[in-house]
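# Working through the structure, step by step
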Amino acid sequence: MNSKQSIICLSSSSYLHFLFYVFVIFLTFTTISASYTDGNETDHQALLKIKSMIAQDPYGVLNSWNDSFHFCDWTGVTCGKRHRRVTYLELTSQDGNQIHGNLPGSIVNLAGLELISLEDNRFTGNIHFTIGNLQRLQVIYLYNNQLSGPIPNSTGNLSLLSTLDLSLNMLEGVIPSSLGNCHKLLELYLSGNKLHGKIPTRLLQLSSLSKTMDLSQNNLYGSLPNEVGDLKMLSNLDISNNNLSGNIPSSLDGCSSLSRLSLKGNLFQVPMVGMFANASAFSVLGNTRLCGGLAILGLPKCKETKKHTKRFLYS
């Protein structure tokens, strides 16, 4: 009799354990299901669309991008703790094994995105104009890809943007003056593209620029606007290797925080006043396209000369 009761008790215990495990599994799938239906299913689908646009992934960066994991646990994806919406998308090249594919327009469906980091890959195509809808976006790293087409005017709608790096691509067209609306922009890198036109005055009036503005190795032309003197907090200015010409504006003297200035590879006229009156205070080494300045510099004479001042390292 006692033996029968023991068997019954053991059976009941096993059954309870079985029900408990079923409940746990049910709860897990319910939680995952709920997480995909509480508003962030849009993010889930956007990420799947991004994956579908990848032609080659030699390092297997996207191997975890499947329904075995919640998308917030996928490689390169970071979600906010509260709403579980995608905030960071980081798919950078590893050991030279680059991701190939078109830059997916579905990125713009990640409405909570604060950082895009897709540098050092082989993404192609245009930057979609709807990128301006990502109102929470603060950092964009798309450098060293094969992106083409213009920089969208809508980029100027990104009021929280602090870093924009589009260097080393094949971007064309002009630098949009709308970037002057990005009043929190600290650093701007547009070097190594095929941009042309003049440097927008509004861009030089961004008092928030305090780190770097690099517009080098493009096809920019015209003069360096006097408004460059408004960049009083800027540390690094590089506009080298363009087709800029004219006089170096005396307003540069107002850039009191500037520690590095590179104007080489342009057609600027060197003044003979201010810091340029002292040949030991600056260098024109390697600047074969300059003219004017002190005779000791050995530069050819300019067709027209005007007086300007500058007090920073010149390279």
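What counts, and where the lines are drawn
- Position numbers for residues count from 1 along each chain, tracking the sequence in the order it is written.
- Per-residue local features of the predicted model are confined to residues with pLDDT of at least 70, and side-chain atom pairs are confined, for both listing and counting, to 80 or more; whole-chain, interface and lining totals are unaffected and use all residues.
- Water and hydrogen atoms play no part in the side-chain values, which are based on all heavy atoms of the structure.
- Strands here mean DSSP runs of E at least two residues long; helices mean DSSP runs of H or I at least four residues long; both are numbered from the N terminus.
- Burial classes follow relative accessibility: with a 1.4 Å probe on protein chains only, a residue under 20% of its type's maximum area counts as buried, one over 50% as exposed, and anything between as partly exposed.
- The contact definition used throughout considers only heavy atoms, calling two residues in contact when any of these lie within 4.5 Å.
- Areas reported here follow the Shrake-Rupley algorithm with a probe of radius 1.4 Å; residue values treat only the protein chains shown as occluding.
- Buried residues of nine kinds, namely Ala, Val, Leu, Ile, Met, Phe, Trp, Tyr and Cys, make up a nonpolar core once their side-chain atoms join them within 4.5 Å.
- The disulfide definition used here is simple: a pair of cysteine sulfur atoms within 2.5 Å.

### Focus on the overall build of the protein
When you go through the protein residue by residue, the secondary structure sums to two helices and 19 strands. Taken over 315 residues, the protein has a buried fraction of 47%. Excluding contacts between residues fewer than 6 apart, the proportion of contacts in the protein whose partners are at least 24 apart in sequence is 55%. For the protein, the accessible area works out to roughly 15900 Å², and carbon and sulfur atoms hold 54% of it.

### Observations regarding the nonpolar core
Core analysis: the largest hydrophobic core is formed by 65 residues, its most contacted members being Leu47, Leu89, Leu188 and Met213. For this core, the secondary structure elements donating two or more residues are helix H2 (41-52), strand S2 (77-79) and strand S3 (86-90). Of the residues forming this core, the biggest block, three residues, is contributed by H2. Not counting the four nearest positions on each side in its chain, Leu188 is found in contact with Leu164, Leu179, Leu203, Leu209, Thr212, Met213, Asp214 and Leu215.

### Focus: the state of the cysteines
Note: disulfide means a covalent bond formed between the sulfur atoms of two cysteine side chains. Across all of its chains, the model carries one disulfide by this definition. Note on cysteine connectivity: Cys72 is disulfide-linked to Cys79, with sulfurs 2.1 Å apart. The sign of the -95° torsion about the S-S bond sets the Cys72-Cys79 disulfide as left-handed. On the accessibility criterion, Cys79 (13% relative accessible area) is buried.

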